[in-house]
Amino acid sequence: MAGKFFDEWQIGETITHEIRRTVTETDNLLFSTMTHNPQPLHLDAEAAKASEFGQILVNGTFTFSLMVGLSVGDTTLGTLVANLGYDKLVMPKPVFIGDTLRAETEVIGLKESKSRPGSGIVTFLHRCINQRGEIVCQCERAALIKGKIV
């Protein structure tokens, strides 16, 4: 399903995104090094083993990025003007290598644009959930979405 236009969204609408992703050691290593994040909990197996978690933690910004990416095809693909911001980002549970993640999105706000007639701001609540049904990441995303071309 391609992204929806502004006037096609309804508050309370919830989408369970079909794509799932099992996080690999390579995902975590590449993302951490590409973003210059030297955190030993992400990269050093011995340091991570000595931590309270006992194993490598997946970089939280990878988890956040994956959550948003999993949602794009069903929300904003082809209809996005711009992401306006992310708010209330929380990571209530850790993610480990081998966890399988999925995403859900709920529409929590709609506001017509004053400067772009027909377009508007959709506020999404994104949730990333692991294979145990635990929320591992959540945030609100405000996106300026095109109006339907008639």
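For the structure itself, consult the block above.
Below you will find a few notes about this structure. Here the structure is a predicted model, which means the values were calculated and not measured. (Residues numbered from 1 in each chain as written. Predicted model: local features only at pLDDT ≥ 70, side-chain atom pairs only at ≥ 80, totals over all residues. Heavy atoms only, no water.)

Here we look at the overall build of the protein
Phase 1: A count of helices and strands for the protein gives 4 helices and 6 strands.
Phase 2: Reading the protein from its N terminus to its C terminus gives the helix and strand order β-β-α-α-α-α-β-β-β-β.
Phase 3: Counting over 150 residues, the protein shows a buried share of 41%.
Phase 4: Across the protein, contacts joining residues at least 24 apart in sequence account for 71% of those joining residues at least 6 apart.
Phase 5: Looking at the protein, you have 15 positive and 17 negative side-chain charges, and the mean spots of the two groups are 5 Å apart. (Helix = DSSP H or I, 4+ residues; strand = E, 2+ residues; numbered from the N terminus. Buried < 20%, exposed > 50% of the residue type's maximum accessible area, 1.4 Å probe, protein only. Contact = heavy atoms within 4.5 Å. Lys, Arg positive; Asp, Glu negative; His and termini not counted. Charge placed at Lys NZ, Arg CZ, Asp CG, Glu CD.)

Examining the nonpolar core
Phase 1: Counting 16 residues, the largest nonpolar core has Val23, Phe62, Phe64, Met67, Val95, Leu101 and Cys128 as its most contacted members.
Phase 2: Among the secondary structure elements, those contributing two or more residues to this core are helix H4 (60-75), strand S4 (100-112) and strand S6 (135-145).
Phase 3: For this core, the leading source of residues is H4, giving 6 residues.
Phase 4: Of all hydrophobic cores here, the second largest spans 8 residues; its members include Phe6, Ile15, Ala143 and Ile145. (Core = buried A, V, L, I, M, F, W, Y, C linked by side-chain atoms within 4.5 Å.)

Quick word on the environment of Val72
Phase 1: Its location among the elements puts Val72 in helix H4.
Phase 2: Residue class for Val72 comes out partly exposed when judged on its relative accessible area of 27%.
Phase 3: C-alpha separation for the pair Val72 and Asn59, spaced 13 residues apart in sequence, amounts to 21 Å.

Here's the deal with the side chain of Thr79
Phase 1: Take Thr79: it is sitting in the loop between H4 and strand S3 (80-90).
Phase 2: Its relative accessible area of 1% is what places Thr79 among the buried residues.

Keep in mind these values describe shape, not function.
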